[in-house]
Amino acid sequence: MEKLKCDVLVVGGGPAGSTASRKLSQLGIDNILLEKDLSFQKPCGGGLMLSAYKEFNIPKSLIKKEVNSIKIVSPKKNEAIVDISDYSLTIVHRCEFDAKLRELAKEAGSRLIEAKAYDISVDKTPTVFAKSGDKTMAIECRYIIASDGVNSTIRKKLLKQTPSRVLTYYADIPQKETKSCQFWFGDDISPKHYSWIFPHFQGINVGLASDNQKDIANYFQNFLKKSQLQTDLKPKGYYIPTWDREIYFEKGVFFVGDSASMVLPFTYEGIYYAMKSATLAVDAIAEDNPALYEKSWKKLYYKKFKFLKILQKLFLSSDYFSEKLVKLYQKPHFQKSVVAYWMGIKRPTGTIRTIWKVIKVLVK
Ligand SMILES: Cc1cc2nc3c(=O)[nH]c(=O)nc-3n(C[C@H](O)[C@H](O)[C@H](O)COP(=O)(O)OP(=O)(O)OC[C@H]3O[C@@H](n4cnc5c(N)ncnc54)[C@H](O)[C@@H]3O)c2cc1C
């Protein structure tokens, strides 16, 4: 078995891992970035806010499409069009996007190795065991960053658990186009979650999330019929984390992105939060103060995540409340306030107060 050493080992070269690795190298911290499959196409809509390109210094040439409106469709097919032209949502091709982020990490000085982590030991020096073809390796380090996604091997081996998650079914239709990101609600198509029609790097992507794995294929068919799309699609399935079991730093390992369930409730936006959690974990490593990671994450996002979780529970609990939500979105003031909060522009407290008032009226 080959033996390797580094200061920090980053397991998983998706948006979280490559952002962590790039920042570690920029700070002069020796690191290895381990990715099991350099040509992996992560099942994903690829939606990322335009502002993220500046924040993380990512080339805009990765943008395939730009979206300036969101369409929300109620169970009874009432619609609200939400203008997001002040912010813009971009669509990327995940295989290309992930490869570019890894390339940027390499340019900054990271060592990229294509190998699959299969075990971990933290009894003495933290060590990850990985395999590449017939070759096995043991990589010793000071810290490990687990950025190996929703099916995290590191989380399974170290903590005997997986992130809490929900199953999605999705398919691409290359010959169709849509200008807006569409969110459809309804107990007949995706109870407690939403179904979507999003612009994709090629054509559109349709899908939904469901807690009910037995009926998910039926929901998918119902959705295709309801949205008048072709019904002969062959959907694929993949999990998306739900933000339930919070986890930050355990037994010498930092958990970031999907492996830590850091996906925004309600919208299921995960790319931005994966990259952001990675930079916060690296800040904590640079200070040699692991507790700083949880502290800074909570300061920035705890309220927002909690709030969106409550909104999802309430408004997607039944067709009655989803219908009300679309009605609310038809009001320009509500739209503006929620979008500003979502984008992190407006101070949360003001918006939360406004929305709480609305919820109180609704619940009465
Ligand atoms: C259907 C669907 C649609 C989505 N749409 C959107 C969207 O439009 N916008 C958005 O923001 N989010 C979306 N998400 C969520 C988003 O895809 C994730 O939150 C995001 O990819 C998380 O990034 P990550 O780096 O934490 O994990 P991942 O992107 O999953 O990356 C993990 C990496 O680790 C590698 N890996 C895994 N195991 C090992 C191992 N044992 N050893 C070495 N490497 C390993 C994998 O190959 C992968 O490259 C969607 C998710 C799904 C399922």
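Owing to the predicted nature of the structure, the values given are computational and were not obtained by experimental measurement. (Residues numbered from 1 in each chain as written. Predicted model: local features only at pLDDT ≥ 70, side-chain atom pairs only at ≥ 80, totals over all residues.)

**Student:** Quick one: what's the story with the overall build of the protein chain, residue by residue and with numbers?
**Tutor:** Scanning the protein chain from terminus to terminus reveals 10 helices and 20 strands. Radius of gyration (C-alpha) of the protein chain: 21 Å, near the 21 Å computed for a compact globule of 364 residues. Among the 364 residues that make up the protein chain, the fraction classed as buried is 41%. Sequence-distant contacts, at least 24 apart, represent 67% of the contacts inside the protein chain between residues at least 6 apart. (Helix = DSSP H or I, 4+ residues; strand = E, 2+ residues; numbered from the N terminus. Rg over C-alpha atoms; globule rule 2.2 N^0.38 Å. Buried ≥ 20, exposed ≤ 12 C-beta atoms within 10 Å, placed from the backbone. Contact = placed C-beta atoms within 7 Å.)

**Student:** Just give me the short version of the sheet that holds strand β20 (residues 253-255), but keep the residues and values in it.
**Tutor:** Spatially, six strands are ordered β9-β3-β2-β13-β20-β19 in an open sheet, and the strand pairing comes out mixed. Pairing within the sheet leaves two strands with one partner each, and these edge strands are β9 (111-114) and β19 (249-250). As paired elements, strand β3 (residues 31-35) and β9 share four bridges and run parallel to each other. Considered in β9, the bridge of Leu33 is made with Leu112. (Pairing = 2+ DSSP bridges.)

**Student:** Tell me what's going on with the packing of helix α6 (residues 271-286) against helix α7 (residues 291-315), and back it up with residues and numbers.
**Tutor:** Two elements in contact, α6 and α7, have axes separated by 7 Å at closest approach and are oriented at 140°. Classed by the angle they form, the pair α6 and α7 counts as oblique. With respect to the hand of their crossing, α6 and α7 are arranged in right-handed fashion. Residues Ser277, Leu280, Ala281, Asp283 and Ala284 of α6 form the contact with α7, whose own contacting residues are Leu292, Tyr293, Ser296 and Trp297. Class assignment for the residues of the contact of α6 with α7 results in six nonpolar, two polar and one charged. (Axes fitted to C-alpha atoms, helices over the stretch in contact; angles between N-to-C directions. Parallel < 35°, antiparallel > 145°, perpendicular 65-115°, else oblique. Left-handed = near helix turned anticlockwise from the far one by under 90°. Nonpolar A, V, L, I, M, F, W, Y, C, P; charged D, E, K, R; others polar.)

**Student:** Go over helix α1 (residues 15-26), please, and point to the residues and values.
**Tutor:** Taking 1.5 Å per residue, 12 residues should reach 16 Å; α1 reaches 16 Å between its end C-alpha atoms and fits that length. Among the 12 residues that make up α1, 11 are buried, leaving the element largely enclosed by the rest of the structure. Those residues of α1 that fall on the buried side of the exposure criterion are Pro15, Ala16, Gly17, Ser18, Thr19, Ala20, Ser21, Arg22, Lys23, Leu24 and Ser25. Taken from the residues just after α1, Gly28 is the one with a positive phi, measuring 80°. (Expected span 1.5 Å × (residues − 1).)

**Student:** Residues and numbers for the site of the ligand, please.
**Tutor:** Not every one of the 39 residues close to the ligand is listed here, only the nearest: Gly12, Gly14, Gly45, Gly257 and Gly270. At the level of secondary structure, the elements contributing two or more residues to the shell around the ligand comprise α1, β3, β4 (47-49), β10 (116-121), β14 (165-173), β18 (236-241) and α6. For the shell around the ligand, the class distribution of residues is 17 nonpolar, 14 polar and eight charged. Looking at which domains feed residues into the shell around the ligand, each of domain 1 (2-59 + 92-163 + 242-304) and domain 2 (67-91 + 166-240) gives three or more. (Near = placed C-beta within 6 Å. Domains from an automatic or database assignment.)

**Student:** Residue-level account of the nonpolar core, with values.
**Tutor:** Residues Leu9, Val11, Ile144, Ile145, Val256 and Ala281 are the most contacted members of the largest nonpolar core, which totals 90 residues. Top element by residues in this core is α6. It accounts for 11 residues. (Core = buried A, V, L, I, M, F, W, Y, C linked by C-beta atoms within 7 Å.)

**Student:** Mind laying out helix α3 (residues 94-108), listing which residues take part and the relevant values?
**Tutor:** Taking 1.5 Å per residue as the helical rise, α3 with its 15 residues ought to reach 21 Å, and the 21 Å between its terminal C-alpha atoms agrees with that figure. For α3, the elements touching its buried residues are α1, β3, β8 (89-92) and β9. Count one or two residues on from α3 and you reach Gly109, which has phi positive near 120°.

**Student:** Which residues make up unusual backbone geometry, and what values go with them?
**Tutor:** With a phi angle near 50°, Lys251 is a residue other than glycine that sits in the positive phi range. Note that Lys251 resides in the loop between β19 and β20. Despite not being glycine, Tyr268 shows a phi value in the positive range, around 60°. The residue Tyr268 is located in the loop between β20 and α6 in this model. On the neighbour-count criterion, Tyr268 (21 C-beta atoms within 10 Å) is buried.

**Student:** Can you break down the sheet that holds strand β17 (residues 204-210) residue by residue, with the values?
**Tutor:** Reading across the sheet, the seven strands line up as β7-β6-β15-β16-β17-β14-β18 and stay open at both edges, with mixed pairing between neighbours. Each edge of the open sheet is held by one strand with a lone partner, namely β7 (79-83) and β18. For this sheet the average axis-to-axis angle between neighbouring strands, irrespective of direction, equals 20°. As defined by bridge partners, strand β16 (residues 195-199) adjoins β17 across five bridges and the pair is classed as antiparallel. Among the inter-strand pairings, Trp196 is bridged to a residue of β17, identified as Gly207. Each of β14, β15 (181-184), β16 and β17 is contacted by helix α5 (residues 216-226), which is oriented at about 140° to β17, the strand it contacts most.

**Student:** Kindly report on the packing of α1 against α3, identifying the contributing residues and their values.
**Tutor:** The geometry of α1 relative to α3 is characterised by a closest axis approach of 8 Å and an angle of 15° between their N-to-C directions. It follows from the interaxial angle that α1 and α3 lie roughly parallel. For the crossing formed where α1 meets α3, the hand is left-handed. Along its contact with α1, which presents Pro15, Ser18, Thr19, Ser21, Arg22, Ser25 and Gln26, the element α3 presents Asp98, Leu101, Arg102, Leu104, Ala105 and Ala108. Its residues placed into classes, the contact of α1 with α3 shows five nonpolar, five polar and three charged.

**Student:** If you had to explain the domain arrangement of the protein chain to someone new, which residues and values would you point to?
**Tutor:** Domain parsing of the protein chain yields domain 1 (2-59 + 92-163 + 242-304), domain 2 (67-91 + 166-240) and domain 3 (315-363). The partner domain 3 presents 12 residues to the 14 residues of domain 2 that form the contact. Across the side of domain 2 that touches domain 3, the residue classes break down as seven nonpolar, four polar and three charged.

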